[in-house]
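In case you want the letters, here they are:
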Amino acid sequence: MTRRRQRRRCKQLGFQFRTWGGARKGAGRKRVLPGRPRVAHRRRPDFKKSQPLHVTTRIGNHVPRLRTRKRARVIRAALLAIANEPGFRVIHFSVQGDHLHLILEAEDKRCLARGMKRLKQRITNGLNRQLGRKGSVFADRYHLEVITNCRQVRNTLVY
């Protein structure tokens, strides 16, 4: 080959692949977290203004049991504080060792979300103040079940 031809010929440059990103074994969000199953991040069910709602919310493992007089006072104070919340009413509640059951009425999804956010925030602030700690009290999102008939109301109250 002549010298002129050698100059025209181009060498292919090497390309270095990155070691991060893309599909590979063990990459991405884990499908199942250890411990109890979480509340799915799905769209909440639609409901009418006249339908009662059964809401369940669970506290974290790092928080002591809720069924003591002092902690019951904190929860009761939080419920009384949001009693005048527009479009959001707590009809009945039950405090269990590691979760709360609430029967609510809400005007719409927005009122429900705001009311639950304020309720959970007040309970968190009160319990953290009482226990001398910081951080989240609730383990997860709240679970919502729309009550559609009288039997469901009865079963919810009995439980």
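By convention here, each chain's residues receive numbers from 1 onward along its written sequence. Local features are withheld for residues below a pLDDT of 70 in this predicted model, meaning they are given only at 70 or higher, and side-chain atom pairs are given and counted only at 80 or more; totals for whole chains, interfaces and linings count all residues. Only hydrogens and water are set aside; all other atoms, that is, all heavy atoms of the structure, feed into the side-chain values.

(A) Inspection of the layout of surface pockets at higher detail. Definitions used throughout: a 1 Å grid over protein atoms alone; a cavity as a set of points that fits a 1.4 Å probe which cannot get out; a pocket as an open set with protein on both sides within 12 Å along at least five of seven lines; a lining residue as one with an atom within 4 Å of a point. Grid points are joined across faces, edges and corners, and a volume is the space filled by probe spheres set on the points. Counted as a void, the second largest pocket has a volume near 280 Å³. Lining the second largest pocket are 16 residues, with Arg-58, Ile-59, Gly-60, Asn-61 and Ala-139 sitting closest to its centre. Here the lining of the second largest pocket is composed, by residue class, of 6 nonpolar, 5 polar and 5 charged. Basically, the charged four are Asp, Glu, Lys and Arg, the nonpolar ten are Ala, Val, Leu, Ile, Met, Phe, Trp, Tyr, Cys and Pro, and anything else, Gly included, counts as polar.

(B) Quick look at helix α3 (residues 109-131). For α3, spanning 23 residues, the distance from its first C-alpha to its last is 32 Å, which sits close to the expected 33 Å at 1.5 Å a residue. Leu-112, Gly-115, Met-116, Leu-119, Lys-120, Ile-123, Thr-124, Gly-126, Leu-127 and Asn-128 are the residues of α3 that are buried. Against β1 (53-58), α2 (69-81), β2 (88-95), β3 (99-106) and β4 (143-146) lie the buried residues of α3. Downstream of α3 by one or two residues, Gly-132 has phi in the positive range, about 65°. Only DSSP runs of H or I covering at least 4 residues are called helices, and only runs of E covering at least 2 are called strands; the numbering of each starts at the N terminus. Every helix has an expected span of 1.5 Å times one less than the residues it contains. Burial status follows relative accessibility: with a 1.4 Å probe on protein chains alone, a residue under 20% of its type maximum counts as buried, one over 50% as exposed, and anything between as partly exposed. In this analysis, two residues are considered to be in contact whenever any of their non-hydrogen atoms come within 4.5 Å of each other.

(C) The pairing of β4, seen in detail. Side chains of β4 alternate between two faces, with Leu-144 and Val-146 buried and His-143 and Glu-145 left unburied. Bridge count for β1 against β4 is 4 bridges, and the pairing is antiparallel. Looking at β4, one finds that His-54 is bridged to Glu-145. Note: two strands are recorded as paired if DSSP finds a minimum of 2 bridges between them.

(D) Geometry of the nonpolar core. To define a nonpolar core, start from buried Ala, Val, Leu, Ile, Met, Phe, Trp, Tyr and Cys residues and group those joined through side-chain atoms within 4.5 Å. Counting residues in each nonpolar core, the largest one holds 27 residues, and the members touching the most others are Leu-112, Met-116, Leu-119 and Ile-123. The set of elements that each furnish at least two residues to this core consists of β1, α2, β2, β3, α3 and β4. Broken down by element, this core gets its largest block of residues, 5 residues, from α3. Setting aside its immediate chain neighbours within four residues, Leu-112 contacts Phe-47, Leu-53, Phe-88, Leu-104, Ala-106, Tyr-142 and Leu-144.

(E) The pairing of β2, seen in detail. Sheet topology note: the β2/β3 ladder contains 7 bridges and is antiparallel. Residue pairing across strands places His-92 opposite Ile-103, the latter belonging to β3. What sits between β2 and β3 in their antiparallel hairpin is a turn of 3 residues.

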